[in-house]
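The residues making up each chain are set out below.
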Amino acid sequence: MEKTIPGREDNKKSTDCSIAEDNKAVLQFIEEVTTNVDEVQKRVLAEILSRNANVEYLQRHNLNGHTDRETFKKVIPVITYEDIQPDINRIANGDKSPILCSQPISEFFTSSGTSGGERKLMPIIEEDFGRRSQLYNLMISVVSQSFPDLEKGKGMYFMFVKSEAKTPGGLLARPALTSIFKRPHFLNSNHTSPIETILCLDSYQSMYSQMLCGLCQNKEVLHVGAVFASAFIRAMRFLEKHWSLLCNDIRTGTINAQITDPAVREAVMKILKPDPELADFIEAECSKSSWQGIVTRLWPNTKYVDVVVTGTMSQYISTLEYYSSSLPLVSTTYASSECSFGINLNPLCKPSEVSYTLIPTMGYFEFLPIHRINNEVKDSISVSESQNEKEQQQLVDLVDVKIGQEYELVVTTYSGLYRYRVGDVLRVAGYKNNAPQFTFICRENVILSIDSDKTDEVELQNAVKNAESVLIPFNAHVTDYTSYADTSTIPGHYVVFLELRVNSSTPISPSVFENCCLSIEESLNSVYRQGRASDKSIGPLEIRIVEIGTFDKLMDYCISLGASINQYKTPRCVKLTPLIELLNSRVVSSHFSQTCPNWIPGHKQWNNMN
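Keep in mind it's a predicted model, so treat the numbers as computed, not measured. (Residues numbered from 1 in each chain as written. Predicted model: local features only at pLDDT ≥ 70, side-chain atom pairs only at ≥ 80, totals over all residues. Heavy atoms only, no water.)

## Quick word on the overall build of the protein
(1) Moving on: For the protein, the count of helices and strands is 20 helices and 23 strands.
(2) Moving on: For the protein, the residues scored as buried account for 57% of the 610 residues in total.
(3) Moving on: Counting contacts in the protein only where the partners sit at least 6 residues apart, residues at least 24 apart contribute 71% of the total.
(4) Moving on: Roughly 24,900 Å² of accessible area belongs to the protein as shown, and the carbon and sulfur atoms make up 49% of that amount. (Helix = DSSP H or I, 4+ residues; strand = E, 2+ residues; numbered from the N terminus. Buried < 20%, exposed > 50% of the residue type's maximum accessible area, 1.4 Å probe, protein only. Contact = heavy atoms within 4.5 Å. Areas by Shrake-Rupley, 256 points an atom, 1.4 Å probe, with all protein chains shown as cover.)

## Observations concerning the pattern of salt bridges
(1) Moving on: Under the criterion given, the structure shown has 33 salt bridges.
(2) Moving on: Here Arg69 makes a salt bridge to Asp38, at a shortest N to O gap of 3.1 Å. Taken together, the residues Arg69 in helix α4 (residues 69-75) and Asp38 in helix α2 (residues 37-51) connect sequence positions 31 residues apart.
(3) Moving on: For Asp38, a relative accessible area of 22% puts it in the partly exposed group.
(4) Moving on: Across the salt bridge formed by Glu47 and Arg51, the nearest N and O atoms sit 3.6 Å from each other. Pair noted here: Glu47 and Arg51 are both in helix α2, with a separation of four residues, about one helical turn.
(5) Moving on: Overlapping salt bridges bring together Asp38, Arg69, Lys73, Glu366, Asp397 and Arg419 as one network. (Salt bridge = Lys/Arg side-chain N within 4 Å of Asp/Glu carboxyl O.)

## Describing helix α19 (residues 550-560)
(1) Moving on: Residues of α19 that are buried: Thr550, Phe551, Leu554 and Cys558. Down the axis, α19 shows its buried residues gathered within 90° of arc, on one side only.
(2) Moving on: Buried residues along α19 sit against β20 (476-486), β21 (493-502), β22 (542-546) and α20 (577-584).
(3) Moving on: Immediately downstream of α19, the backbone of Gly562 shows phi near 120°, a positive value. (Arc of directions from axis to C-beta.)

What follows is the structure, encoded as structure tokens:
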């Protein structure tokens with residue numbers, strides 16, 4: 001799940017009157033589309049199918065130019081990425097015929113979901129940026145109702161780009177936010193970070209320069225944030241570590257020599273001026289024994305923190321509250337690489353109560369009912385049976401979902417995705433007029449996540465199996481394992497607990513276990529490896545070897561909590577504190593990966609951009 005970061009679409013200064021008028025028009029639009037939900041959804045589907053009537057994909061499934069919902073649902077299958085990967089590959093390799101969409105594919109957004117260890121490629125047409133901009137404008141108007149006069153100050157947002165690649169056919173493949181930040185119309189005049197600092201690929205230089213500019217303009221800052229909660233906390237920990245260097249820069253009006261990017265230095269120097277008084281103030285606050293409330297202490301006019309705190313990001317809420325004191329934590333937008341979805345109409349709600357209203361003009365939405373067995377997600381349609389007409393009809397439309405029920409989101413987009421399973425599990429929380437509001441529950445099958453990485457159970461299992469192959473020559477085998485995402489360190493890191501059967505009296509060298517760590521990391525997907533090797537948003541993986549019998553104790557404890565002894569199976573990820581404490585109490589040794597896993601931009605079969 002991605003979030004759109006605010007940024008001015010042009011450099012015109014709006015008057016208070018025009019801002020009020022714009023907000024009024026936007027709020028009226030929201031009222032209209034959330035009232036006439038089904039009519040809007042029918043129109044959107046008809047428009048998508050009409051303009052793409054002659055594309056190869058729809059002809060292949062015999063839609064024959066029909067634009068009505070009934071025929072569409074009858075003949076078009078519900079799909080996953082693997083179903084259209086051959087079509088995506090054709091486009092990526094340079095086939096310009098209308099395969100999925102009648103309009104030219106302008107680039108690919110790379111999804112943080114993975115397939116065979118590679119990022120998924122989501123087709124994008126030029127007009128998609130207009131819809132994403134519209135969702136941003138809706139969000140700004142809603143937020144301004146709770147926090148007026150934001151345009152009179154600045155936002156301190158920590159924004160970063162990721163490496164991009166070109167497909168063999170010459171199309172750019174990059175994350176959605178990287179694409180948005182690099183578009184000519186993205187001007188950052190209402191933020192503290194100059195665009196040059198955002199576009200810097202060196203994570204240290206980018207973070208340092210953005211933090212420096214944010215401190216220099218501390219009185220102007222009215223809201224702070226980052227895409228994900230993890231990134232904002234990483235910024236605060238960065239400040240804890242480097243505040244003395246930053247104070248020196250502010251005191252002298254010079255930039256630390258480690259910032260070598262000429263464009264970054266030039267942009268920062270337009271903001272940085274010698275200010276001993278500000279440096280003394282920052283030094284005094286950062287020198288205090290407690291960093292509780294540091295956000296409001298250093299940026300005293302801040303009204304809220306804008307970060308995603310839903311799904312796996314909820315693990316960071318307590319840390320965010322520690323740093324930001326009583327400031328509201330606001331999750332504003334729900335979007336992904338595939339499509340923009342909706343906004344939070346109640347920005348001041350508690351993080352645990354965040355729900356998103358899907359805007360019916362963004363795409364055509366359907367919902368696959370989810371059922372849980374022993375807290376495991378079981379969907380109503382298996383991929384192999386997705387052609388079955390009866391099962392196709394189990395999907396429900398936006399107006400037909402039921403409060404309290406969980407669904408997987410299925411989307412049809414203007415850019416060529418038809419009945420595509422996004423993989424997000426949502427729960428219906430309520431309504432805005434006739435439009436359902438959804439709580440984001442989780443990514444289907446994802447068990448580990450620190451930043452934008454998503455690791456599922458099968459992937460972890462294969463990674464542990466590869467690590468075991470490192471141990472076998474030493475007569476050691478993995479008898480059981482589990483894991484958790486340790487966010488007490490910044491950046492957070494994966495922890496894998498291993499119980500071993502060792503058929504040798506010779507101790508295993510720590511270097512062998514370190515090689516096991518690296519073997520696991522090399523086996524994980526490209527998003528994880530990029531976070532480790534390039535973005536530095538994920539820390540080194542840790543293996544903790546536990547005593548023999550530990551997993552028996554884990555089972556006993558789970559059964560004591562009510563788990564069925566007949567149906568119990570070892571959880572491959574633990575989140576409950578008592579379970580983590582039990583495992584940690586039986587650790588006999590701990591080992592970290594000593595080098596970063598291999599990662600290069602793009603897919604393995606592509607040439608890198610150079």
